[in-house]
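Notes for the structure review
Chain residues, written in single-letter form:
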Amino acid sequence: MLDPKLLRSDLNAVAVQLARRGFQLDVGRLSSLEEQRKVLQIEADALRAERNANAKRVGQAKAQGQEVATLLAAGENLGGRLTGVDEQLVAIQAQVADFQLLLPNILHASVPEGNDELANVEMRRWGNIREFEFLPLDHSAIGERMGMDFEAAGRISGARFVVMTGPLASLHRALIQFMLDLHIREHGYTEAYVPYLVHREALVGTGQLPKFEADLFSVRGEPGFFLIPTAEVPVTNLVRDQIIAAEKLPLKFVAHTPCFRSEAGASGRDTRGMIRQHQFEKVELVQIVKPEDSDAALEQLTAHAEGVLQALELPYRVLALCAGDVGFSAAKTYDLEVWLPSQQKYREISSCSNCESFQARRLQARYRNKAGKPELLHTLNGSGVAIGRALVAILENYQQADGSVLVPTVLQPYMAGAQLLNSI
RNA sequence: GGAGAGGUGGCAGAGCGGUUGAAUGCACCGGUCUUGAAAACCGGAGGCCCUUUACGGGGCUCGUGAGUUCGAAUCUCACCCUCUCCGCCA
């Protein structure tokens, strides 16, 4: 959510900022709502003050044994008027809130202009793209020979699921363990285990709701839950309604969770293989920092995600997303894209974002600043990295002419020393 | 699932329906004292919102939401959460 004070004081400037994303802010509607709200609130406050004063007089008069009938009548009248004004006020406030919850974050000044992913700016590349002396297969062709089973998944759950058995399942688990260990031991993150089912408020807090409900899976029953689309949701919600002592910052959490996405809008894209699934695993990094530290924290967090790909020796590039491609809650985002030989292109494997105070305001996540006053925190999150896509990248980049796949050195300890995955 | 208890400020913990935004203790900030610190004493201090150039003024906030009432932390109802005992269970 954007700062309501800013929306009141400089709405046109906000509109200009949001236009960078291609978001058209209805200035007229918001300012008209705001104007109505102000009138009603002032009136309601005045009536309430009068009612309170009148009620107090009743008490005093009674204590002195005086007649109170007039005061009681006045109180009843005030109460009636207040109820009417309050109803209008509540209705307007709800409209203002609904409107504001649909406004995306204001972009960081350093975000490049542009409408879509074509305008994203490549910051750097890492690693050497391997020359194949044979035609490299895509990951599903490789995987299907060693226990990656889309047919079985289809029988169980339908499209966009996968079953893995044997060494591939082990490789999948090894990736999780390796990434967690790297972030915990080398990068200073605290491991977190969190719920995979969350209530609506948690998703409003991080910005997935109310706008993106169609992307989520919900669970029937009472109470109603949503399956998390990313660990960002439960982990960032750790600081909901908290006032953190300044000396405890920054908070750095790493969590492995499954992620569930309905991806309703992506039908037809990446239908083959396990690039785009309804259920996938991710190791997620979350940082909770002071506002002045968040720019540096984004660079650091991105570097931590890059560290995973470097350790796995997977070639990748880093993109700064352009204005039109940055997500709803983020002020700035770097995407990491890993090289996939079968597609001869880089594909997203991590997304690292600084949300500044956007989520913190929805969450009321604060810290005590030097003046001793509560102040909104900044929140950041990034994949470190997506497990399924990392597995895809390994299969493709480490494949051998005979259909086997080398196990990256750093993963071998997690694979009981295995150096090679053979096709069955 | 059954039975019971409870949710008050950073923490602990009072609070006959009416100057209680809330006693008291701890913690916190300022001052006196001290070479300095501690102790003692004095004083200050929650959060959110509206309004005001400012000084200030007003409202909301005792788990959440409704209700009763001239007036609710105090009464009623619903919901959420926590704890205890029993049962069940990975």
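Our subject in this report is the structure included herewith. Here the structure is a predicted model, which means the values were calculated and not measured.

Below, the discussion takes up the overall build of chain A. Broken down by element type, chain A carries 12 helices and 18 strands. The principal-axis extents of the C-alpha atoms in chain A amount to approximately 100 × 45 × 45 Å. Taking all contacts inside chain A whose residues are at least 6 apart in sequence as the whole, residues at least 24 apart take part in 73%. Surface accessibility of chain A: about 20200 Å² in total, with carbon and sulfur atoms responsible for 51%. Charge separation in chain A, taken as the distance between the mean sites of 44 positive and 51 negative side-chain charges, equals 4 Å.

On to the sheet that holds strand E8 (residues 243-244), then. Ordered in space as E8-E14-E15, the 3 strands form an open sheet in which the pairing is mixed. Two strands bound the open sheet, and with one partner strand each, they are E8 and strand E15 (374-376). Pairing between E8 and strand E14 (residues 366-368): 2 bridges, direction parallel. When the bridges of E14 are listed, Ile244 appears paired with Tyr367.

Counting through the fold element by element, Arg48 comes out in helix H3 (residues 27-63). The residues touching Arg48, leaving out its near neighbours within four places in the chain, are Leu82 and Asp86.

Within the structure, RNA strand B sits among 21 residues, and Arg8, Lys38, Arg48, Ala55 and Lys62 are positioned closest to it. Among atoms of RNA strand B positioned within 4 Å of the protein, sugar and phosphate together represent 72%. Here a sugar or linking oxygen of RNA strand B sits 3.2 Å away from a polar atom, N or O, in the side chain of Asp45. Take Ala55: an N or O atom from its main chain is 2.6 Å from a base nitrogen of RNA strand B. Elements supplying a minimum of two residues to the surface near RNA strand B: helix H1 (4-9), H3 and helix H4 (69-101). Considering each element in turn, the surface near RNA strand B owes the most residues, 13 residues, to H3.

Within the fold, Asp45 resides in helix H3. Classification of Asp45 by relative accessible area gives partly exposed; the value is 43%. For the pair Asp45 and Arg29, spaced 16 residues apart in the sequence, the C-alpha separation amounts to 24 Å.

Rules used throughout
Residues numbered from 1 in each chain as written. Chains lettered and ligands numbered in written order. Predicted model: local features only at pLDDT ≥ 70, side-chain atom pairs only at ≥ 80, totals over all residues. Heavy atoms only, no water. Helix = DSSP H or I, 4+ residues; strand = E, 2+ residues; numbered from the N terminus. Contact = heavy atoms within 4.5 Å. Areas by Shrake-Rupley, 256 points an atom, 1.4 Å probe, with all protein chains shown as cover. Lys, Arg positive; Asp, Glu negative; His and termini not counted. Charge placed at Lys NZ, Arg CZ, Asp CG, Glu CD. Pairing = 2+ DSSP bridges. Near = heavy atom within 4 Å. Polar contact = N/O pair within 3.5 Å; in protein donor to acceptor, adjacent residues only side chain to side chain. Buried < 20%, exposed > 50% of the residue type's maximum accessible area, 1.4 Å probe, protein only.

Purely geometric numbers; function is a separate question.
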